[in-house]
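Analysis of the macromolecular model
Here is how the chains run, residue by residue.
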Amino acid sequence: MMLFPLGGMHLLAKKRLVSPIILCFQRFLNDPMLLFMSGIWVVLCWLQPQSLSEMAERVHWTTLAVLTGLMVLSRALELSGYLTLWGRRLLAHLRGERRLAVGLVMFSALLSAVVTNDVALFIVVPLTLSLAGMATLPIGRLIVFEALAVNSGSSLSPIGNPQNLYLWQLSGVSFGEFLSVMLPLGVGLTVLLLLLIPLAFPNALLRLDTVTAVPKGRLQKPLWAALIGYPLFLFAVEMGWAAQAMAAVLLVMLIVSRRAVFSIDWLLLVVFVLMFVNLSMIAEISLVQQAIEAMQQWPGGDTSVGVLLSQLLSNVPATLVLAQQSEWQPLAWGVSVGGFGLVIGSMANLIALRLARQPGMLMEFHRWSIPMLALGWLFAAVWTSALAR
């Protein structure tokens, strides 16, 4: 006896097919950056018609391959549960609100240099929110400082944020050389942020609950796959095998932790494809080129242009617009400092505020981010001037 008539089975199969389509469409509508980039793409296609092959040539596929591999490895590390556990153990040894803030800032900064700034926030912000039930804390302000910390910490590493990753691939320098160039800025910005902590957090005592036990079983598999995969993946990228390394990571993770592959933000990669296409086309407009050339004559050169354009476009799009006609070193410093200031300066800022969902976050963020922009810009100018002498 048939449990379902043929018509019912056909309807069920059709429903299963339509549901993912509807889900993707809903995610598309709920992603402002994807909507914005898609709208610009449509306008540019109308103004400057090009074939798909011409557009594909504008995409830096090596950067996308590296970003994909890092996202999967980072997701596996997050799913293992060990990062949250280690963070909780760190917090269990802190006895004051100011010490807690210092611990979270340092944890966020160091983590962002390894697993990228947005992934670090997906780990640290939920951890911070979970502390709300353990003690009376200024959760919103803590998350603001975490957002600022991932901007400062990620600036020192070639894999810390998308703009560094792109400039590293574009420059052709080694991992160590890029790190040595960015190290003074990353350390300097983090120190400046730590100096603001006494102004933002009192030295009040607090007590945290006991930390849970170490997770067992299958959670160890994605942990070890990620810990072993990171150095192997970076070595392969350094040797020029980015596409092969990405394929290997995807294959291994499909076996070890399939969820790590399917749960990353694939639409973010679509956003980056559109960014490469749109901004390379915009950068070719003569009026835009003239404006950028005029700005590069201002004091600070490429660094100042990177800071200012990041306040208007966000630092990743600013990097894509300026990369072809700027020196990578001052540009990397400029867009890193440009992640502070207005909330649009870095996508990590928007991610942090969206994850937090705390009242008054926008005002609280700018209260500390704008001074960090001024201090960071001043630090970059003084350091650059000292090296030029």
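What follows covers the overall build of the protein chain. Counting its secondary structure elements, the protein chain contains 20 helices and zero strands. The long-range fraction of contacts in the protein chain, counting pairs at least 24 apart against all pairs at least 6 apart in sequence, stands at 80%. Carbon and sulfur atoms make up 69% of the accessible area of the protein chain, which amounts to about 19200 Å² in all.

On to the packing of helix 4 (residues 61-80) against helix 9 (residues 162-171), then. Helix 9 packs onto helix 4 with a crossing angle of 135° between their chain directions and a minimal axis gap of 9 Å. Classed by the angle they form, the pair helix 4 and helix 9 counts as oblique. For the pair helix 4 and helix 9, the sense of crossing is right-handed. Where helix 4 approaches helix 9, its residues Thr-62, Thr-63, Val-66 and Leu-67 are matched on the opposing element by Leu-165, Tyr-166 and Gln-169. Here the residues of the contact of helix 4 with helix 9 are counted per class, giving four nonpolar, three polar and no charged.

A residue-level look at the protein chain finds 87% of positions with pLDDT of 70 or above and a mean pLDDT of 83. Residue range residues 210-215 is modelled with pLDDT below 50. Its contacts to residues more than four positions away, or to other chains, number 13 contacts.

This next bit is on the side chain of Asn-278. One can find Asn-278 in helix 14 (residues 266-283). Looking at Asn-278, its side chain comes within polar contact range of the main-chain oxygen of Met-37, at 2.9 Å. Beyond its immediate sequence surroundings of up to four residues, Asn-278 is in contact with Met-37, Ile-40, Trp-41 and Leu-44.

As a further point, take the packing of helix 4 against helix 12 (residues 242-256). Taken N-terminus to C-terminus, the directions of helix 4 and helix 12 make an angle of 25°; their axes are 8 Å apart at the nearest point. The angle between helix 4 and helix 12 falls in the class roughly parallel. For the element pair helix 4 and helix 12, the recorded crossing hand is left-handed. For the pair helix 4 and helix 12, the contacting residues are Thr-62, Ala-65, Val-66, Thr-68, Gly-69, Val-72, Leu-73 and Ala-76 in the first and Ala-242, Ala-243, Met-246, Val-249, Leu-250 and Met-253 in the second.

It is worth spelling out the environment of Pro-162 at this point. As for its placement among the helices and strands, Pro-162 is situated in helix 9. Overall, Pro-162 belongs to the buried group, its relative accessible area being 18%. As a C-alpha pair, Pro-162 and Thr-116 span 46 residues in sequence and 7.9 Å in three-dimensional space. Apart from the residues lying within four places of it in its own chain, the contact partners of Pro-162 are Asn-117, Phe-272 and Val-316.

So, on to empty space enclosed by the protein. In this structure the tally under the stated criterion is one cavity of 30 Å³ or more. In this structure, the largest cavity is lined by Thr-63, Leu-67, Pro-162, Gln-163, Tyr-166, Phe-272, Phe-276, Val-316 and Leu-320. Looking at the lining of the largest cavity, the elements with two or more residues in it are helix 4, helix 9, helix 14 and helix 17 (315-322). The greatest single-element share of the lining of the largest cavity, amounting to three residues, is contributed by helix 9. Within the lining of the largest cavity, the residues separate by chemical class into seven nonpolar, two polar and no charged.

This part takes up the layout of surface pockets. Here the largest pocket defines a volume of roughly 930 Å³. As for the largest pocket, its lining consists of 34 residues, of which Phe-122, Asp-265, Leu-268, Ile-351 and Arg-354 are closest to the centre. The element that contributes the greatest number of residues to the lining of the largest pocket is helix 19 (residues 347-356), accounting for six residues. Of the residues contributing to the lining of the largest pocket, the split by class is 18 nonpolar, nine polar and seven charged. If you add up the space inside the second largest pocket, you get close to 310 Å³. Around the second largest pocket, the lining is made up of 18 residues, and of these Leu-279, Leu-309, Leu-312, Leu-313 and Pro-317 lie nearest the centre. Mapped by element, the contributors of at least two residues to the lining of the second largest pocket are helix 2 (32-47), helix 14, helix 15 (286-295), helix 16 (301-313) and helix 17. When residues in the lining of the second largest pocket are grouped by element, the largest group, five residues, is from helix 2.

About the criteria used
- Residues numbered from 1 in each chain as written.
- Predicted model: local features only at pLDDT ≥ 70, side-chain atom pairs only at ≥ 80, totals over all residues.
- Heavy atoms only, no water.
- Helix = DSSP H or I, 4+ residues; strand = E, 2+ residues; numbered from the N terminus.
- Contact = heavy atoms within 4.5 Å.
- Areas by Shrake-Rupley, 256 points an atom, 1.4 Å probe, with all protein chains shown as cover.
- Axes fitted to C-alpha atoms, helices over the stretch in contact; angles between N-to-C directions.
- Parallel < 35°, antiparallel > 145°, perpendicular 65-115°, else oblique.
- Left-handed = near helix turned anticlockwise from the far one by under 90°.
- Nonpolar A, V, L, I, M, F, W, Y, C, P; charged D, E, K, R; others polar.
- pLDDT = per-residue confidence, 0-100.
- Polar contact = N/O pair within 3.5 Å; in protein donor to acceptor, adjacent residues only side chain to side chain.
- Buried < 20%, exposed > 50% of the residue type's maximum accessible area, 1.4 Å probe, protein only.
- 1 Å grid on protein atoms, 1.4 Å probe; cavity = no way out; pocket = protein on both sides within 12 Å on 5 of 7 lines; lining within 4 Å.
- Points joined across faces, edges and corners; volume = space filled by probe spheres on them.

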